[in-house]
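What the coordinates show
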Amino acid sequence: MQSSHIFASSLQSFAVNSLFSQHCLSPDIMNIYGLCLQMLATDATHRSVDHHHASNSSRRPNFHTVLQRVGKTVLRPGGTEGTRKLHSWSELNRDGTAIELSSGMGSGGVALAKATGACVTLSDMDTSRLEMASQIAREQGVDSELIEIMQLNMRNVGEELEQHHYDTAIIEASLSHYSTKEKRAILKGLSTHADELLLHEICFRCDDSSPKELNHIKQDMSRALAIGFHPLTVDGWTNVLHEASYEVKQIETGPIKTLNPVTVLQDEGPKRAAKIAWNIATDASIRSRVVETRKAIKSHQHDLGYILIRAVANNGQALN
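One structure accompanies this document, and this report is about it. Since we're looking at a predicted model, the values are computed, not measured. (Residues numbered from 1 in each chain as written. Predicted model: local features only at pLDDT ≥ 70, side-chain atom pairs only at ≥ 80, totals over all residues. Heavy atoms only, no water.)

Some remarks on the overall build of the chain
A count of helices and strands for the chain gives 14 helices and 8 strands. Of all 320 residues assigned to the chain, the portion counted as buried reaches 51%. Residue pairs at least 24 apart in sequence account for 81% of intrachain contacts in the chain once pairs closer than 6 positions are excluded. Only carbon and sulfur atoms are counted for the fraction: they give 48% of the accessible area of the chain, which is about 15200 Å². (Helix = DSSP H or I, 4+ residues; strand = E, 2+ residues; numbered from the N terminus. Buried < 20%, exposed > 50% of the residue type's maximum accessible area, 1.4 Å probe, protein only. Contact = heavy atoms within 4.5 Å. Areas by Shrake-Rupley, 256 points an atom, 1.4 Å probe, with all protein chains shown as cover.)

What about helix α10 (residues 211-225)?
The end-to-end C-alpha distance of α10 is 21 Å, a good match for the 21 Å that 15 residues give at a rise of 1.5 Å each. Residues of α10 that are buried include every one of Leu214, Ile217, Asp220, Met221, Ala224 and Leu225, and no others. Around the axis of α10, the buried residues are gathered within 125 degrees of arc, so they sit on the same side. In α10, the exposed positions angled more than 90 degrees off the buried face are occupied by Pro211 and Lys212. In this structure, the buried side of α10 is in contact with α4 (63-69), β5 (194-204), α14 (284-299) and β8 (304-313). (Expected span 1.5 Å × (residues − 1). Arc of directions from axis to C-beta.)

Concerning the packing of helix α12 (residues 261-268) against helix α13 (residues 270-281)
For the pair α12 and α13, interaxial distance at closest approach is 7 Å and the crossing angle is 130 degrees. Judged by the inter-axis angle, α12 sits oblique to α13. For the pair α12 and α13, the crossing hand works out as right-handed. In contact with Val264, Leu265 and Glu268 of α12, α13 contributes Pro270, Arg272, Ala273 and Ile276. (Axes fitted to C-alpha atoms, helices over the stretch in contact; angles between N-to-C directions. Parallel < 35°, antiparallel > 145°, perpendicular 65-115°, else oblique. Left-handed = near helix turned anticlockwise from the far one by under 90°.)

Focus on the pattern of salt bridges
Using the criterion set out here, one finds 13 salt bridges in the structure. A salt bridge links Glu172 to Arg76, with the nearest nitrogen and oxygen atoms 3.6 Å apart. Highlighted residues: Glu172 in strand β4 (residues 166-172) and Arg76 in the loop between α4 and α5 (79-89), separated in sequence by 96 residues. Taken individually, Glu172 and Arg76 each receive the classification buried, so the pair is uniform in this respect. (Salt bridge = Lys/Arg side-chain N within 4 Å of Asp/Glu carboxyl O.)

What to know about the pairing of β8
For β8, the buried fraction is high: 10 of the 10 residues fall into the buried class. Bridge analysis of β5 against β8 gives 9 bridges, and the strand direction is antiparallel. Looking across to β8, one finds that Leu199 is bridged to Ile309. Inspection of the sheet shows strand β7 (residues 246-255) paired to β8 by 9 bridges, in the antiparallel sense. Counterpart to Val248 in the pairing with β8 is Ala311. (Pairing = 2+ DSSP bridges.)

Some details on unusual backbone geometry
Positive phi outside glycine occurs at Ser102, with the angle close to 50 degrees. Along the chain, Ser102 falls in the loop between β1 (97-101) and α6 (107-116). The phi angle at Ala226 is positive, at roughly 60 degrees, despite the residue not being glycine. Residue placement: Ala226 occurs in the loop between α10 and β6 (232-233).

Looking at the layout of surface pockets
Approximately 630 Å³ is the volume attributed to the second largest pocket. In terms of lining, the second largest pocket is formed by 30 residues, of which the most central are His64, Ser102, Asp124, Arg129 and Ser174. Of all the secondary structure elements, the ones that give two or more residues to the lining of the second largest pocket are α4, β1, α6 and β2 (119-124). Among the elements that take part in the lining of the second largest pocket, α4 stands out by supplying 3 residues, more than any other. Taken together, the residues that form the lining of the second largest pocket break down as 9 nonpolar, 15 polar and 6 charged. (1 Å grid on protein atoms, 1.4 Å probe; cavity = no way out; pocket = protein on both sides within 12 Å on 5 of 7 lines; lining within 4 Å. Points joined across faces, edges and corners; volume = space filled by probe spheres on them. Nonpolar A, V, L, I, M, F, W, Y, C, P; charged D, E, K, R; others polar.)

Take a look at the structure:
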């Protein structure tokens, strides 16, 4: 109970003092954000979530869908900061090409196109998300010639890319939801079509934990997220990449930041963050789900984190 009030108070103080001073935003926007966070904390204090009932609901949407409904656009475990670091490692330049797999609304791929001037293909199974991604690119002033879209099933990436070749492939917050066998198959199929791979995923930070303990974390998080949850240790990610003919060149890990309120402000901007907080605070079902998931993440905060990896294909030149 006390920690919930501390959470709300600290965020309200951050919103009003730090962001007001840095971005010269109106006190009204900052006060709305603080009020919504206070409502969230109050709900977290008094609400009891039935995890078993929730996990057995056939209509329970996965948590990424919930976040998109409230207006969140950045869904990566290391936030925008992690994506920027990953992009800074890449050797991609304006003469190169890249593909983002399972791109969703394409914020990472669009940012890469803006940063490098390279042509980036955004791929996803959901065509409605690809349409939104194209709109976001236009709104950000990205040259239309730099962004292409492709409907693609990541499970069949090797077959569906056919003769396509890219200098760089990007995968963020997607592979962690596939089994190790599926990860290996996806990466192996990709390795003949992309020379450089940039990964931004979830990892276990507890190398000394037993398989039973890791399985408990997987099950707990799968229930909260309503989607498969299969992160690997740092060694596990390195090994599965090696088995798929990728050689790891750079790695960085850190704590999960998806629901960190400060990160939300940095990723989405103060105005959108205030809107997100309001949408959550005023919808009881979504508020309950966010509180539940944040509780699950917090309970495993020392065991889970984000991982950034840059790797290069070591099986020769990709297809021309």
